[in-house]
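What the coordinates show
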Amino acid sequence: VACGVDIVQLRDKTGSAKDILDFSRRILKITRGSVPYIINDRVDLAMVSQSSGVHLGQNDIPLKSARKILGEGPLIGISCQTFDHAKKAQEEGADYIGFGSVFKTLTKPDRSPMDIRLLEKVVKNIKIPVFAIGGIDHSNVASLVSSGVKRVAVCRAISQAEDVSKAVQRFKAAMA
């Protein structure tokens, strides 16, 4: 956050509910009032922690159910891999879409990278914010920008960088 990221999302597939809640309470002391903090998959923990919202996959609780639980304030994002996923997420009231995997990624090792033309179609036709996700780093972000992408979600290229501040600033410069 101090280095300039615009959003923080926790993706923890193995942590216990207690561990995720404890972590979220600590991170909210840093992010609250600065940047949104989103919890992946766990509507219950997003509600209890009073995070900024939740990010849901295609096999998680449906968006409409999540909205009933969280109310109108918190953000709800949806992971999408097809144009139909993106269109449905928009129609059902998602606040944003994470679209990908656009490149090979260790986060989803069994998923093949998608055709960039599909991402271009989504960016052009979907009116809510679209974040390109999956395997994005400094070597490939320019190709996304030239395809019309205005937002990216990045994990390793920032979290494992030798100089986090420099990594964040390079992405911001590439997206400008």
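This report concerns the structure included in the present document. If you're wondering where the values come from, they're calculated on a predicted model, not measured in any experiment. (Residues numbered from 1 in each chain as written. Predicted model: local features only at pLDDT ≥ 70, side-chain atom pairs only at ≥ 80, totals over all residues. Heavy atoms only, no water.)

1. Observations concerning the nonpolar core
Core analysis: the largest hydrophobic core is formed by 42 residues, its most contacted members being Phe99, Ile136 and Leu144. Looking at this core element by element, the count peaks at 4 residues for helix α1 (residues 17–31). Dropping the residues within four chain positions of it, Ile136 is found in contact with Val102, Phe103, Val141, Leu144, Val152, Ala153, Val154, Ala157 and Phe171. (Core = buried A, V, L, I, M, F, W, Y, C linked by side-chain atoms within 4.5 Å. Buried < 20%, exposed > 50% of the residue type's maximum accessible area, 1.4 Å probe, protein only. Helix = DSSP H or I, 4+ residues; strand = E, 2+ residues; numbered from the N terminus. Contact = heavy atoms within 4.5 Å.)

2. Side note on the packing of aromatic side chains
Summed over the entire model, instances satisfying the criterion amount to 1 aromatic pair. Here the aromatic rings of Tyr96 and Phe131 are separated by 5.5 Å at their centres, their planes lie at 75 degrees, and the arrangement is edge-to-face. Of this pair, Tyr96 sits in strand β5 (residues 96–99) while Phe131 sits in strand β6 (residues 130–132), and the two are 35 residues apart along the sequence. When sorted by exposure, Tyr96 lands in the same class as Phe131, which is buried. If you follow Lys121 out to its NZ or CZ, it ends over the ring of Phe83, 4.4 Å from the centre. (Phe/Tyr/Trp six-rings, centres within 6.5 Å; stacked < 30°, edge-to-face > 60°. Lys NZ or Arg CZ within 6 Å of the ring centre and 35° of its normal.)

3. Quick notes on the pairing of strand β2 (residues 37–40)
Burial along β2 is two-sided: Tyr37 and Ile39 and Ile38 and Asn40, pointing in opposite directions, are all buried. When strand β1 (residues 8–10) meets β2, the two strands line up parallel, connected through 3 bridges. Each bridged residue has a counterpart across the sheet, and for Leu10 the counterpart in β2 is Ile39. Taken together, β1, α1 and β2 constitute a β-α-β crossover, and its handedness is right-handed. The pairing of β2 with strand β3 (residues 53–56) spans 3 bridges and is parallel. Counterpart to Asn40 in the pairing with β3 is His55. (Pairing = 2+ DSSP bridges. Right-handed = clockwise from strand over helix to strand, strands pointing away.)

4. Re the pattern of salt bridges
Summed over all chains, the structure comprises 6 salt bridges. Lys172 is paired through a salt bridge with Asp6; the nearest N and O atoms lie 3.0 Å apart. With Lys172 in helix α8 (residues 164–175) and Asp6 in the segment before β1, this residue pair connects regions lying 166 residues apart in the sequence. Residue Lys172 is classed as partly exposed on the basis of its relative accessible area of 34%. Under the relative-accessibility criterion, Asp6 is labelled exposed at 53%. For Asp95, the salt bridge is made with Arg67, and the minimal N-O distance between the two is 2.8 Å. On the criterion of sequence distance, the pair formed by Asp95 in the loop between α4 (83–91) and β5 and Arg67 in helix α3 (residues 63–70) is long-range, its members being 28 residues apart. Taking the relative accessible area as the measure of exposure, Asp95 reaches 28% and is therefore partly exposed. (Salt bridge = Lys/Arg side-chain N within 4 Å of Asp/Glu carboxyl O.)

Shape is all these values report; function is a separate question.
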